[in-house]
Structure formats: structure tokens, C-alpha cells
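Below are the chains, spelled out letter by letter.
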Amino acid sequence: MNINCEILDLRAFLSVVELQSFNRAADQLNMSQPALSRRIQKLEQAIGAPLLERTTRHVAATALGVGLVPLIQRMLEEFDGSLFAMRELGSSRGGLVTIACLPTAAFYFLPSVIRQFNVEYPNIRFRILDLTATDALQAVARGEVEFGINIMGSSDSDLVFERLVEDPFVLAARNDHPLAAKDEVRWGDLEPYHLITVHRSSANRILLDAALAKSSIKLNWFYEVTHLSTSLGLVEAGLGISVLPRMATPEGDHPFLISKPIRNPEISRTIGIVRRRSGSLSPAAERFMSMLLGTWAAPAAEPK
């Protein structure tokens with residue numbers, strides 16, 4: 001089924017939602033209020049449901065309208081970016097790449113690829129949503145972003161994954177901790193110490209618990225937190241040790257923190273690109289995704 005609507009219909013809807021007023025939206029778009037109302041009615045007819053709730057004093061988006069806002073924003077940004085790109089030539093071509101990325105990946109390896117990409121395409125802009133694994137997958141599935149960088153393993157048949165890199169779970173501890181002196185750390189070595197872990201709803205925790213259960217190993221945690229950065233902060237304060245993905249630990253030499261591989265078994269999460277099976281990417285996103293795959297699709301991440 002074809003949905004018949006125009007770009008101006010979408011702009012009209014967003015203006016009303018953002019300004020919460022037909023009068024102000026009409027002024028912003030330089031059109032009459034009746035013309036604006038016709039634009040909204042046309043879009044609602046195309047969608048087949050009301051998008052705005054109107055009262056004498058207030059205008060607000062319906063639940064369906066709220067859900068459409070981020071998708072329409074991205075569509076308009078890509079449209080505007082494509083128009084701008086058509087006026088440019090060669091490597092100066094512009095555009096916008098919108099991605100959802102795990103915070104650890106966004107902090108540690110994404111900047112270096114963007115820096116390399118910007119050398120060749122200096123006018124391409126980025127919008128990066130650093131989200132939890134679950135939220136990032138939902139953003140991809142809803143079409144709010146063009147693709148994501150996430151933990152692989154979702155069973156959603158509408159999503160396609162391409163592997164980038166292995167990210168092993170490691171011990172994070174202060175350099176004055178007894179485990180820091182060991183040449184090799186095993187899971188049983190963690191038992192005597194206060195363990196800091198992320199909440200059981202975290203994708204990292206779910207993956208780790210499932211892998212350890214296969215070897216009949218259960219971690220006994222003392223502190224449970226929501227974010228990996230909080231876990232690392234408690235380690236820095238000397239309150240315990242933690243098991244973290246390697247990407248979540250500090251790069252290079254740290255004044256008082258160390259990370260060590262944990263053996264028997266070695267457990268890692270697979271980081272990859274996720275996108276909608278039926279979705280299409282903008283030329284800018286295609287180029288950037290190609291660079292990501294070429295840069296990070298390595299056999300495995302080396303331990304620190």
C-alpha cells in the first residue's frame with residue numbers, strides 16, 4: 001500500500017508538535033492556519049489515524065504521533081542532507097549519519113574511525129545515540145537510526161548483524177589488589193573478594209551469566225550497579241573487583257587500575273553492526289559502515 005504524503009506535510013506535523021500551537025507553526029512555515037490544518041489532515045488520512053489531540057488551549061501528539069516524531073525527524077534530516085550533498089562534489093560531499101551505539105564502543109573505538117572518515121569526507125555530520133544494548137536495538141528496529149553498533153545475538157528476524165570485533169570479559173582491579181600479582185586469573189580466584197557487577201537486566205550480565213552457567217560457575221556479587229562506568233568507579237575507590245568487557249576498562253597505563261584476562265573459560269561478547277533487513281542506508285552511512293567493517297572486522301581483540 002502506498003502512503004501519499006509530501007515533505008511539507010511532515011514538516012507541518014513536526015512544527016505543530018514542537019511549538020504545540022497551530023498559530024505559531026503556521027507563522028514558522030509562512031502559511032495560513034487553514035492551509036496548515038489541511039496539511040495535517042492529509043497526513044492523518046494517509047496514516048489512517050489521528051496524530052494530534054486538539055483542544056481550545058492545547059495541541060499535543062497522540063501516542064502514534066509521539067512514536068512517529070523521531071522517524072519523521074530522521075527522514076527529513078536525511079532528505080535535507082541529500083539535497084545538500086547533491087550540490088557538493090567529490091570528497092567534500094555532505095550528509096548525515098545517525099547511529100545507535102553501545103556507550104563503551106562509542107567511547108573507545110568509534111572516535112578513531114570517525115577521525116579517519118572525516119579526513120576523506122569532512123562535511124559528513126554524525127548523530128550518535130549512546131544507548132544500552134536493548135534500547136539501541138529498538139532504535140534500529142524502529143528506524144530512528146540507520147544502523148547500530150551492538151552486542152550480536154538478537155533473534156529478531158528483521159535485523160541483520162555483521163561482526164566487527166570480539167570484546168573479552170576481563171578482571172578490573174586496583175594494582176595493589178592481591179589478584180594483580182597473579183600471572184593468570186581464573187574465575188574461582190574471584191570468590192574471596194567483594195565483586196562488583198552490573199544489574200541482571202544488562203545485556204552484558206545476561207551474556208556473562210549464561211556463559212558461566214555452561215561451566216557450572218556462578219558469580220557471587222557484593223555490589224550491583226546499573227552502568228559499567230559506576231562499576232569501574234567503585235573499583236577505583238578500592239571497594240572491590242569487577243568483571244567488565246575490555247572496552248570498558250581504561251586504555252593505556254592507568255595510575256592505579258589494572259585489567260587481566262580471566263581463563264577457563266575465556267568469555268567474550270561479539271560486537272557487530274546491526275541494521276534493518278528491509279531498510280536502506282544513505283550513501284554517507286554506506287561509506288561509513290564500509291570503513292567500520294574494513295577497520296574493525298579483525299579476528300579478535302588482543303588482551304591488554
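Residues numbered from 1 in each chain as written. Predicted model: local features only at pLDDT ≥ 70, side-chain atom pairs only at ≥ 80, totals over all residues. Heavy atoms only, no water.

Q: What exactly am I supposed to notice about the overall build of the protein chain here?
A: When its secondary structure is counted, the protein chain shows 10 helices and 12 strands. Across the 304 residues that make up the protein chain, the buried fraction comes to 42%. Considering only residue pairs separated by 6 or more positions, the protein chain has 74% of its internal contacts joining residues 24 or more positions apart. Total accessible area computed for the protein chain in this model is approximately 16000 Å², and 51% of it derives from carbon and sulfur atoms. Taken together, the 31 basic and 33 acidic charged side chains of the protein chain have centroids lying 3 Å from each other. (Helix = DSSP H or I, 4+ residues; strand = E, 2+ residues; numbered from the N terminus. Buried < 20%, exposed > 50% of the residue type's maximum accessible area, 1.4 Å probe, protein only. Contact = heavy atoms within 4.5 Å. Areas by Shrake-Rupley, 256 points an atom, 1.4 Å probe, with all protein chains shown as cover. Lys, Arg positive; Asp, Glu negative; His and termini not counted. Charge placed at Lys NZ, Arg CZ, Asp CG, Glu CD.)

Q: Would you take a moment to explain the pairing of strand 6 (residues 159-174) for this structure?
A: Within a regular strand, the side chains alternate between the two sheet faces. In terms of burial, strand 6 is a largely internal element, 13 of the 16 residues being buried. Note: strand 6 against strand 12 (residues 268-276), nine bridges, orientation antiparallel. Bridge pairing in strand 12 links arginine 163 to glycine 272. For strand 6 and strand 10 (residues 241-245), the ladder comprises four bridges, and the chain directions are antiparallel. The residue bridging leucine 171 from the neighbouring strand is valine 243, located in strand 10. (Pairing = 2+ DSSP bridges.)

Q: When you look at unusual backbone geometry in this model, what are you seeing that I'm missing?
A: Residues other than glycine predominantly adopt negative phi, and peptide bonds predominantly adopt the trans conformation. Looking along the chain, the bond that leaves asparagine 264 and enters proline 265 is cis, with omega of 0 degrees. With respect to the helices, strands and loops of the structure, proline 265 is situated in the loop between strand 11 (257-263) and strand 12. Even without glycine at this site, glutamine 20 takes up a positive phi of about 55 degrees. Tracing the chain through its elements places glutamine 20 in the loop between helix 1 (7-19) and helix 2 (22-29). The partly exposed category is assigned to glutamine 20, whose relative accessible area is 43%.

Q: Looking at this structure, I do not really get the packing of helix 6 (residues 110-120) against helix 10 (residues 283-296). What am I missing?
A: To characterise two packed helices, one gives the angle between the axes of the helices and the distance between these axes. It is at 10 Å that the axes of helix 6 and helix 10 come closest, and there the two elements cross at 125 degrees. As far as their axial angle goes, helix 10 and helix 6 are oblique. Two packed elements cross with a definite hand, and for helix 6 against helix 10 that hand is right-handed. On the side of helix 6, the interface is formed by Leu110, Ser112, Val113, Ile114, Gln116, Phe117 and Glu120, while helix 10 contributes Ala284, Arg287, Phe288, Met291, Leu292, Thr295 and Trp296. Across the contact of helix 6 with helix 10, the residue classes tally to nine nonpolar, three polar and two charged. (Axes fitted to C-alpha atoms, helices over the stretch in contact; angles between N-to-C directions. Parallel < 35°, antiparallel > 145°, perpendicular 65-115°, else oblique. Left-handed = near helix turned anticlockwise from the far one by under 90°. Nonpolar A, V, L, I, M, F, W, Y, C, P; charged D, E, K, R; others polar.)

Q: What exactly am I supposed to notice about helix 1 here?
A: Since the α-helix advances by 3.6 residues per turn, residues separated by three or four positions end up pointing in the same direction. Taking 1.5 Å as the rise per residue, helix 1 with 13 residues should run 18 Å; its terminal C-alpha atoms sit 18 Å apart, in good agreement. Of all the residues in helix 1, the buried ones are Asp9, Leu10, Ala12, Phe13, Leu14, Ser15 and Val16. (Expected span 1.5 Å × (residues − 1).)

Q: When you look at the pattern of salt bridges in this model, what are you seeing that I'm missing?
A: One pass over the structure, following the stated rule, counts 15 salt bridges. Glutamate 77 is the salt-bridge partner of arginine 127, the closest N and O atoms lying 2.5 Å from each other. Within this pair, whereas arginine 127 is found in strand 4 (residues 124-130), its partner glutamate 77 is found in helix 4 (residues 63-87), the two being separated by 50 residues in sequence. Judged by relative accessible area, which is 34%, arginine 127 ranks as partly exposed. Arginine 205 is paired through a salt bridge with glutamate 224; the nearest N and O atoms lie 3.1 Å apart. Taken as a pair, arginine 205 in helix 8 (residues 203-213) and glutamate 224 in strand 9 (residues 223-225) lie far apart in primary sequence, 19 residues in all. The exposure class assigned to glutamate 224 is partly exposed, which follows from its relative accessible area of 26%. (Salt bridge = Lys/Arg side-chain N within 4 Å of Asp/Glu carboxyl O.)

Q: What exactly am I supposed to notice about the packing of aromatic side chains here?
A: A ring pair, where both rings are aromatic, is described by two values, the distance of the centres and the angle of the planes. Under the counting rule described, the total for this entry stands at six aromatic pairs. Here phenylalanine 117 and phenylalanine 288 contribute two aromatic rings whose centre-to-centre distance is 5.2 Å and whose plane-to-plane angle is 80 degrees, an arrangement assigned as edge-to-face. Placement of phenylalanine 117 in helix 6 and of phenylalanine 288 in helix 10 is noted, with a sequence separation of 171 residues between them. Across this residue pair, the class does not change: phenylalanine 117 and phenylalanine 288 are buried. Put simply, the rings of Phe117, Tyr121, Phe126, Phe147 and Phe288 touch in pairs and so form one group of aromatic residues. (Phe/Tyr/Trp six-rings, centres within 6.5 Å; stacked < 30°, edge-to-face > 60°.)

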